Structures are given as C-alpha cells and as structure tokens.
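# Architecture and fold: a report
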Amino acid sequence: MRDVHVGVVGLGNVGQGTLAILAANADQIALKLGFRLKVTAVCSRGVASVNLPDELGHVTRTADWREVVSNPKVDVVAELVGGTGVAREIIDGATAHGKSIVTANKELMALAGAEIWDKAIKSKINLAMEASVAGGIPIHAVLREGISGDRVVALAGILNGTSNYILTEMERRGESFEAMLAEAQALGYAEADPSADVDGYDARSKLAILSALAFGERITPSDIFVEGIRRITAQDFDYAHQLRHTIRLVCGAVQTERGLILSVRPALIPQSTILASVQGAYNAVWVKGHFGADTFYYGRGAGSNPTGVAVVSDLMRVAREIRSGSPERVSPFAHERLGEYKPVPITFQHRPYYLRFRVDDRPGIIAALAGILSAKKIGLEAVLQLPCDTKHDLPFVITVEPSSELAIQEAVAEMSKLTFLREPPLALPMEPPL
Ligand SMILES: NC(=O)c1ccc[n+]([C@@H]2O[C@H](COP(=O)([O-])OP(=O)(O)OC[C@H]3O[C@@H](n4cnc5c(N)ncnc54)[C@H](OP(=O)(O)O)[C@@H]3O)[C@@H](O)[C@H]2O)c1
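Now for a quick tour of the structure. Residue positions are counted from 1 within each chain, in the order its sequence is given. Since the coordinates come from a predicted model, pLDDT governs what is reported: local features require at least 70, and pairs of side-chain atoms require 80 or more to be given and counted, while whole-chain, interface and lining totals use all residues. Computation of side-chain values covers all heavy atoms of the structure but excludes hydrogens and water.

## Examining the overall build of the protein chain
Threshold: For the purposes of this entry, the term helix denotes a DSSP run of H or I that reaches at least four residues, the term strand denotes a run of E that reaches at least two, and both are numbered from the N terminus. Within these notes, the globule rule equals 2.2 Å times the number of residues to the 0.38 power, and the radius of gyration is based on C-alpha atoms. Only heavy atoms matter for contacts: two residues are in contact if any of them lie within 4.5 Å across the pair. With residues, only the protein chains shown are counted as cover, and all accessible areas are computed by Shrake-Rupley using a 1.4 Å probe. Asp and Glu are treated as the negative residues and Lys and Arg as the positive ones, with His and the ends of the chain left uncounted. Note that the charge is assigned to NZ on lysines, CZ on arginines, CG on aspartates and CD on glutamates.
For the protein chain, the count of helices and strands is 14 helices and 17 strands. A globule of 434 residues ought to have a C-alpha radius of gyration of about 22 Å, and the protein chain, at 24 Å, matches this closely. For the protein chain, the spread of C-alpha atoms along the principal axes amounts to about 80 × 45 × 35 Å. Here the contacts in the protein chain between residues at least 6 apart in sequence split such that 73% fall between residues at least 24 apart. Within the structure as shown, the protein chain displays about 18500 Å² of accessible surface, and the carbon and sulfur contribution to it stands at 51%. Taking the 44 positively charged and 49 negatively charged side chains of the protein chain as two groups, their mean positions are separated by 4 Å.

Following this line, the structure appears as structure tokens:
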C-alpha cells in the first residue's frame with residue numbers, strides 16, 4: 001500500500017520526540033500498519049538550525065507552516081506548536097486543505113475542540129488529540145474505544161505532573177511549597193512562570209477535554225472550578241497523615257442528581273486509594289462506569305518520548321483511517337448532547353471538609369469558630385493540633401461532617417473576618433475512597 005505522508009509543524013519537546021520515534025521505530029510502525037509513515041515536511045521558525053534524524057531521509061524544511069498545510073504530498077499535519085493563536089490557524093489551514101490532523105494541544109482543544117471537530121467532520125478529515133491529555137496515558141482511546149460501551153458516572157485524575165511532583169516532594173521531605181517549586185524549575189519540570197501548573201489551569205484544560213469525552217457534553221474550562229496548590233504547607237501533610245489521608249491536586253468530574261460537578265483543586269484523599277500512591281511527575285486517571293465499575297490508568301504525563309508515542313500512535317490511527325477511507329463522523333465532544341450531564345456550580349458539592357487555621361493564640365478561638373460552623377449547620381467532626389513552637393502563628397485543623405460547598409464557602413468568609421486569624425482558613429474537601 002502507498003506510504004502516508006506526514007508534515008510536522010513545531011519541533012520542540014514533542015516535535016523532536018515524535019520525529020525521533022518515527023525515525024527509530026519506522027520498520028515496526030510499517031509492520032503494524034502494512035505501509036510506511038513518511039515524514040515529508042517539517043516546520044518551525046528556527047528550522048534551519050534543527051537537527052533531524054538521518055533515518056528520515058530527505059525532508060522539506062520550511063519556516064512557514066502554510067507551506068506544510070498546502071503541500072500536496074502531505075496527508076496528515078501534526079500540530080505541535082501549542083497555544084491558541086497560530087496553532088488554530090495551522091489546524092484551520094490544514095482542514096481547509098483537506099489534510100487530516102494530529103494535535104497535542106490541550107489549551108486549544110479545551111477552548112475550541114467542539115468547533116474544530118465539527119469543522120473536521122464537515123470536511124471529511126480525521127482528527128486525533130491523544131497527546132493533549134496525560135501525555136503517555138492513552139486515555140482518549142480508553143474513553144472513545146476501550147470503555148465506550150459503559151456510561152461514565154465519575155472520573156478523578158492527577159493530570160499535572162509539575163504540581164504532583166511539588167506536592168509529593170513536600171510530603172516526602174517536609175519541605176515548603178516555595179522550595180519544591182524552585183527545585184521543579186531547576187529540574188525543568190516547571191516553567192519560569194509556573195502559574196499554568198501550580199494554579200491549576202493546565203489541569204483544568206485537560207479535565208475539560210476528558211470530561212467532554214467521558215460525558216459527551218460541551219464542556220469548556222469556564223465550567224470548571226479551579227484552585228491551585230500555593231497555600232498547601234508541609235504541616236498540611238502532617239495533619240492529613242493524622243487523618244490517614246494525603247493531599248493531591250485532584251481533577252474531578254462527578255455526575256450528581258443536580259448535574260455534573262467539575263473541579264480542579266487540592267483535596268485530601270485516603271492514603272489507601274491508588275491515586276494517593278501516584279508520585280512525582282506521574283499522571284493517573286480513575287474512571288467509574290455505571291456498568292463496568294472502576295478502571296485505573298497510570299503513566300507519564302509529559303516528556304518528549306511519552307508524548308511522542310501518543311502523537312505517533314495517533315498518526316498511525318489517522319493513517320489507517322485515511323487508507324481505509326473512513327473519515328470521522330461523530331465528534332467526541334458532543335455526540336448527542338443529551339443535556340443529562342449539564343455542568344453545575346461547585347457549590348452543590350457535598351463532602352466532609354478539612355479546615356486549617358493559622359491563629360494568634362488566645363482564649364475563645366474554638367468557641368468562635370464553632371459558633372460560625374453551627375450557624376451554618378455544619379457539624380464539627382474533630383479538632384487536631386500538632387505541637388508547635390509559637391503561639392503567634394499556631395496552626396490547627398477542624399474536620400467537619402459532610403456539608404455543602406456553599407455552606408463551607410459562607411463559613412470561611414465569616415471566619416476570615418475574625419481578628420485572631422493570620423490568614424483566611426484553608427478549606428479542602430475530603431474525597432471518598434475511589
Ligand atoms: N512538553 C510536553 O511534555 C507536552 C506534553 C503533552 C502535550 N504537550 C503539548 O504539545 C505542544 C507542544 O509542546 P512542546 O513542549 O513541544 O512546546 P515547545 O518545546 O515550546 O515547542 C514548540 C515548537 O513550535 C515552534 N513554533 C512556535 N511558533 C511557531 C510558528 N509560528 N510557526 C512554526 N513553528 C512555531 C517552536 O519553534 P520556533 O520557535 O523555532 O518556531 C518549537 O519548535 C503544546 O500544545 C503542549 O501543550 C506538551
């Protein structure tokens with residue numbers, strides 16, 4: 001069968017990993033496909049100084065992506081640039097020229113995935129985006145194929161390796177958030193501006209894509225409650241351990257009677273659950289199906305090679321579809337729009353909560369806090385205080401019985417006015433065992 005020709009735009013971490021695998025694994029790929037995947041054109045603005053693997057043979061180099069999407073030889077364009085500007089133009093340009101597309105772009109697919117898929121279907125091209133969520137974990141294939149016969153009722157994931165590295169190192173070594181962020185930056189895990197990772201926005205894009213795939217609804221980042229990990233301290237881990245829990249940045253999508261509750265936030269999770277054992281820069285996704293119950297997926301969430309594998313596997317799938325003449329017909333973002341999984345505000349969430357205070361110690365503190373909880377009809381469960389050297393910045397924790405997020409938010413707002421508090425209380429939900 002005739003080769004399928006690939007054009008790669010973006011030759012950074014993911015682009016280089018993709019080309020290296022296409023070069024080193026070319027024979028295996030050809031055996032699996034029954035034809036070869038040939039890299040025909042590559043593009044980046046600095047393409048002149050990029051080293052390409054010799055095994056790729058002759059490849060057209062260009063600094064202008066338009067020359068790739070309009071190249072008559074190219075069958076599939078891999079968009080590995082990132083962001084929502086030029087990447088969108090590349091995808092639109094490739095669609096307009098009838099080229100199939102593979103992308104690793106979570107930001108763009110979370111924001112505009114539904115429109116991009118609709119256009120692709122109309123243009124009878126194939127589109128694949130496995131690498132956009134949890135790099136090395138083939139979670140799209142799982143949701144679109146592996147367990148597509150089930151009806152997903154909940155999913156929870158650790159989808160940001162940088163935050164997970166910071167949290168698990170804080171836990172292991174008792175270090176501060178700031179120290180572990182600096183280390184993650186030195187190791188190249190975190191960007192100079194770490195906001196997308198530690199404030200939860202990167203994970204939010206990924207959750208938007210995953211929950212759209214899992215629930216078949218049009219879900220965008222603005223439907224998702226987001227809170228980052230900057231306020232977590234090493235002491236929070238000490239308290240969480242006392243409660244036989246740990247703390248992770250949990251991406252959750254849970255179907256309730258009211259609708260779908262979506263959040264990215266630090267949460268206490270029982271130490272006994274599999275998610276709690278996800279360490280360092282690893283990612284994991286747990287999915288609960290109505291019929292098939294629990295399944296769990298684990299692997300590297302990023303990196304040149306794991307993400308490269310996801311891109312190459314997508315290229316292979318799209319190439320097979322091109323050769324068999326089978327274009328996409330149904331968008332994974334909104335197949336039927338049943339309305340059954342409408343996103344609803346986080347305030348409907350019902351959980352036990354962990355409330356951590358830092359106070360200037362004086363008599364009457366517990367009574368004042370308990371008074372506010374009781375006025376909001378929140379049942380107090382336990383008070384924990386570990387030994388501390390100073391009375392002026394004394395941490396302690398109150399855990400409360402299952403309560404609505406709304407009641408907790410209102411109680412926290414009231415408590416924040418109390419003059420003995422050094423900072424507003426930190427409220428973390430305590431997730432049930434998965
Ligand atoms: N890194 C990971 O582990 C990972 C994991 C999963 C998903 N992703 C996603 O994969 C995508 C790429 O990430 P990355 O880490 O590989 O990024 P990166 O290292 O910054 O690479 C981006 C590439 O795009 C090129 N580029 C930028 N603007 C361009 C333009 N106007 N025309 C042509 N080329 C252009 C850059 O080269 P020039 O500056 O020379 O043009 C560079 O080669 C992003 O969507 C990211 O979210 C990354």
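## Quick notes on the site of the ligand
To be explicit about the condition: A cutoff of 4 Å decides nearness: a residue is near a molecule or strand if any of its heavy atoms lies inside that distance of it. What qualifies as a polar contact is a pair of N or O atoms within 3.5 Å, subject to a donor-acceptor requirement within protein and to the restriction that residues adjacent in sequence count only when both atoms come from side chains. Side-chain classes are defined by residue name, with Ala, Val, Leu, Ile, Met, Phe, Trp, Tyr, Cys and Pro counting as nonpolar, Asp, Glu, Lys and Arg as charged, and the others, Gly among them, as polar.
In the region of the ligand, 20 residues are neighbours, and L11, V14, R45, G46 and G303 sit closest. L11 is positioned such that a nitrogen or oxygen atom in its backbone is 2.8 Å from an oxygen atom of the ligand. G303 places a polar main-chain atom, nitrogen or oxygen, 2.7 Å from an oxygen atom of the ligand. The protein chains hide 74% of the 890 Å² of surface that the ligand would expose on its own. Grouping the amino acids of the shell around the ligand by side-chain chemistry returns nine nonpolar, nine polar and two charged.

## Things to note about unusual backbone geometry
A positive phi angle, close to 60°, is found at A293, a residue other than glycine. Locating A293 in the fold gives a position in strand 12 (residues 293-300).

## Points about the sheet that holds strand 17 (residues 426-429)
Put simply, the rule reads: By the convention used here, strands pair only if DSSP detects at least 2 bridges between them. For helices, the fitted axis covers only the stretch in contact; all axes are lines through C-alpha atoms, and the angles between them, taken along N-to-C directions, range from 0 to 180 degrees.
A sheet is described by the order of its strands in space; here four strands give the open sequence 15-16-14-17, paired in antiparallel fashion. Edge positions in the open sheet fall to strand 15 (380-384) and strand 17, since each of these has one partner strand only. Each neighbouring strand pair of the sheet contributes to a mean axis angle of 20°, computed without reference to strand direction. Taken together, the four bridges between strand 14 (residues 350-359) and strand 17 define a ladder with antiparallel strand orientation. Counterpart to Y354 in the pairing with strand 17 is L428. Along the sheet face, helix 14 (residues 405-415) touches strand 14, strand 16 (394-404) and strand 17 and points at about 150° away from the line of strand 16.

## Regarding the environment of R151
Structurally, R151 can be placed in the loop between helix 6 (139-146) and strand 7 (152-158). Along the sequence, R151 and A30 sit 121 residues apart, while their C-alpha atoms lie 35 Å from each other.

## What to know about helix 6
Definition in use: Buried, partly exposed and exposed residues are distinguished by accessible area as a fraction of the type maximum, computed with a 1.4 Å probe on protein chains only: under 20%, between the cut-offs, and over 50%, respectively. Note that the arc is computed from the directions linking the helix axis to the C-beta atoms.
Restricting attention to buried positions, one finds in helix 6 the residues I139, H140, V142 and L143. Buried residues of helix 6 fall within an arc of 165° about the axis and therefore sit on the same side.

## Details of the layout of surface pockets
Formally: In the cavity and pocket records, a cavity denotes points on a 1 Å grid over the protein atoms alone where a 1.4 Å probe fits but cannot get out, a pocket denotes an open set with protein on both sides within 12 Å along at least 5 of 7 lines, and lining residues are residues with an atom within 4 Å of a point. Grid points are joined across faces, edges and corners, and a volume is the space filled by probe spheres set on the points.
Considered as a void within the structure, the largest pocket measures approximately 1200 Å³ in volume. The wall of the largest pocket is formed by 44 residues, among which K106, E191, D197, D202 and A302 lie closest to the centre. Among the elements of the structure, helix 1 (13-24), helix 5 (106-122), helix 7 (161-173), helix 9 (195-198), helix 10 (201-215) and helix 12 (304-324) are those that each provide at least two residues to the lining of the largest pocket. Per-element accounting of the lining of the largest pocket gives the leading share, five residues, to helix 10. Its residues assigned to classes, the lining of the largest pocket comprises 15 nonpolar, 19 polar and ten charged.

## Focus on helix 4 (residues 86-96)
Residues of helix 4 that are buried: A87, I90, I91, G93, A94 and T95. If you follow the buried residues of helix 4, they end up packed against strand 1 (4-9), helix 3 (65-69), strand 4 (76-79), strand 5 (100-103) and helix 5. Backbone geometry just downstream of helix 4 places G98 in the positive-phi region, at approximately 70°.

Take it as geometry only, folks, not as evidence of what the structure does.
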